[in-house]
Amino acid sequence: MNNPSVWGNLRSRYESRGPRKLLALDGGGIRGVMTLGILKRIEEAVGQPLWQYFDYIAGTSTGAIMAAALARGLSVDDILTFYQSAGPEMFARTRFLARLKSLYQNGPLENKLKEVFGATTDLKPGGLKTLLLVVTRNVTTDSPWPISSNPEAKYNADSLDDCNLRLPLWQLVRASTAAPIYFPPEVVELVPGNEKKTFVFVDGGMTPYNNPAFLLYRFATAPAYNLNWETGEDKMLLVSVGTGAAATLGATADDPESNMLSTGVTLPSALMYAALVDQDINCRAIGRCTYGEPIDSELGDMIPRDATGSVIPVTRNCGRAFLYARYNIDLSTASLTALGFTGAEADQKQAQKMDLATPAHIDLLWRIGQAAGKQVKREHFGRFVS
């Protein structure tokens, strides 16, 4: 902390250098309800509200909704209530002709975000209980725009006419959730009335940071961002939570061109998934992984092991930059069946849908998340839980 005066009500929390805990939340539409099932278990494991436990929370798209809500001081149960009440309305289909532009209406989501976060709440310390990072994509500049509430960040200085901290929280979250085709883009005036400072934003999932975990680590430690938090397995914990995934079979060797159309349609999601996994691999390579499903058959889970193949106890320091745990859900039919789901509830195509927001489906996603939450263990957090 170089300038304590700009931290406001957060000064007492951040003026010490002491160990830091980070939480990163993936994008994934209504599947964020499954994330909540895992977050509920984390909340129980650490014995504190998540905004109180984690010092910096990042989110992309639906993850941005959850991250912002936690930063405002909401509980996991509060956020679940939001998805249950707002989900069906947020994903209400537009009229036929309007679908040429986007499938869903902007108004219901905007109104719900204003209701939850407040129409005038911005990113200044007074409106948030913890640091927040939201990933967006600026279409005007054709670049990712991660925006932080860190009051000492370069573009957050109060002297700037386009200070990011003045952005309405609801609008920043709306920008991060503006998935192309599904929702209209969000137009943001950084300086009201200044066309050169007006930009068009779409879903942060359209960047390499649909999983913002390694990005969050950089924002917390890289000198350019003016936090310079200390690294080390005893000084930093990073927890990353996904919204579920399952492999989809493509073309086969006996008919390699039969799936050309479907390959084109699925290419964006394939690239997003590849970027998501890359963020995870970066965290496991730089950090000390305490939990995570195997990346692939070659890399495995990247959890440190000794010469005999036994997992090295978390109490033994391996010299990595941070402790790291990655929780996600395998949404294959086989995995869902193993979690106790049967029949239509174990259909991976249904579970993978990001825009099916009926009350029954939201309930199913919550139950899947709760079942998957059993993977969370206190020991994954090492010395960061008492």
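Residues numbered from 1 in each chain as written. Predicted model: local features only at pLDDT ≥ 70, side-chain atom pairs only at ≥ 80, totals over all residues. Heavy atoms only, no water.

Caption draft 1: Seen up close, the overall build of the chain. In terms of helices and strands, the chain carries 12 helices and 9 strands. A burial count over the chain gives 51% of its 386 residues as buried. Once local pairs closer than 6 in sequence are excluded, the contacts in the chain between residues at least 24 apart make up 71%. Carbon and sulfur atoms provide 54% of the accessible area of the chain, an area that totals close to 17300 Å². (Helix = DSSP H or I, 4+ residues; strand = E, 2+ residues; numbered from the N terminus. Buried < 20%, exposed > 50% of the residue type's maximum accessible area, 1.4 Å probe, protein only. Contact = heavy atoms within 4.5 Å. Areas by Shrake-Rupley, 256 points an atom, 1.4 Å probe, with all protein chains shown as cover.)

Caption draft 2: Fine view of the layout of surface pockets. Roughly 360 Å³ of volume is contained in the second largest pocket. Lining of the second largest pocket is provided by 17 residues; of these, Pro-146, Lys-154, Tyr-155, Asn-156 and Asn-164 occupy positions nearest its centre. Broken down by class, the residue content of the lining of the second largest pocket amounts to 11 nonpolar, 3 polar and 3 charged. (1 Å grid on protein atoms, 1.4 Å probe; cavity = no way out; pocket = protein on both sides within 12 Å on 5 of 7 lines; lining within 4 Å. Points joined across faces, edges and corners; volume = space filled by probe spheres on them. Nonpolar A, V, L, I, M, F, W, Y, C, P; charged D, E, K, R; others polar.)

Caption draft 3: Geometry of the environment of Thr-121. Within the secondary structure, Thr-121 sits in the loop between α6 (107–117) and β3 (131–138). Linking Thr-121 and Leu-169, residues 48 residues apart in sequence, is a C-alpha distance of 5.8 Å. Contact partners of Thr-121, with chain neighbours within four places excluded, come to Arg-72, Gly-127, Leu-167, Pro-168 and Leu-169. Polar contacts involving the side chain of Thr-121 include one to the main-chain carbonyl oxygen of Phe-117, which spans 2.6 Å. (Polar contact = N/O pair within 3.5 Å; in protein donor to acceptor, adjacent residues only side chain to side chain.)

Caption draft 4: Fine view of the environment of Gln-84. Mapped onto the elements of the fold, Gln-84 is located in helix α5 (residues 76–90). A relative accessible area of 42% means that Gln-84 is categorised as partly exposed.

Caption draft 5: Seen up close, the pattern of salt bridges. Applying the stated rule across the entire model yields 19 salt bridges. Among the ionic pairs, Arg-284 bridges to Asp-280, the shortest N-O distance being 2.9 Å. Remark: Asp-280 and Arg-284 occur in helix α9 (residues 260–286); sequence separation between them is 4 residues, near one turn of the helix. Look at Asp-280 and you get buried, because its relative accessible area is 6%. Here Asp-301 makes a salt bridge to Arg-305, at a shortest N to O gap of 2.8 Å. The buried category is assigned to Asp-301, whose relative accessible area is 16%. (Salt bridge = Lys/Arg side-chain N within 4 Å of Asp/Glu carboxyl O.)

Caption draft 6: Representation of the packing of helix α2 (residues 32–46) against helix α4 (residues 62–71) in the model. In the contact formed by α2 and α4, the axes pass within 9 Å of each other and the chain directions differ by 40°. Judged on the interaxial angle alone, α4 and α2 are oblique. As for the relative orientation of α2 and α4, their crossing is right-handed in sense. The segment α2 lies against α4, with Gly-32, Thr-35, Leu-36 and Leu-39 engaging Thr-62, Met-66 and Leu-70. Among the residues forming the contact of α2 with α4, the class breakdown is 4 nonpolar, 3 polar and no charged. (Axes fitted to C-alpha atoms, helices over the stretch in contact; angles between N-to-C directions. Parallel < 35°, antiparallel > 145°, perpendicular 65-115°, else oblique. Left-handed = near helix turned anticlockwise from the far one by under 90°.)

Caption draft 7: Representation of the environment of Val-139 in the model. Along the chain, Val-139 turns up in the loop between β3 and β4 (143–148). Exposure remark for Val-139: the relative accessible area of 36% places this residue in the partly exposed category. Not counting residues within four places of it along the chain, the set of residues in contact with Val-139 comprises Val-200, Phe-201 and Val-202.

Caption draft 8: Representation of the confidence of the model for the chain. Predicted confidence across the chain gives a mean pLDDT of 87, with 88% of residues reaching 70 or more. Predicted confidence for residues 93–105 stays below pLDDT 50, and this span has 28 contacts to residues more than four positions away or in other chains. (pLDDT = per-residue confidence, 0-100.)

Caption draft 9: Quick look at the nonpolar core. Membership of the largest hydrophobic core comes to 74 residues, with the highest contact counts inside it found for Leu-39, Ile-42 and Phe-381. When residues no more than four places from it in sequence are discounted, the contact partners of Ile-42 are Leu-50, Phe-54, Val-239, Val-241, Tyr-327, Val-376 and Phe-381. Membership of the second largest hydrophobic core comes to 28 residues, among which are Leu-10, Val-135, Tyr-209 and Tyr-217. (Core = buried A, V, L, I, M, F, W, Y, C linked by side-chain atoms within 4.5 Å.)

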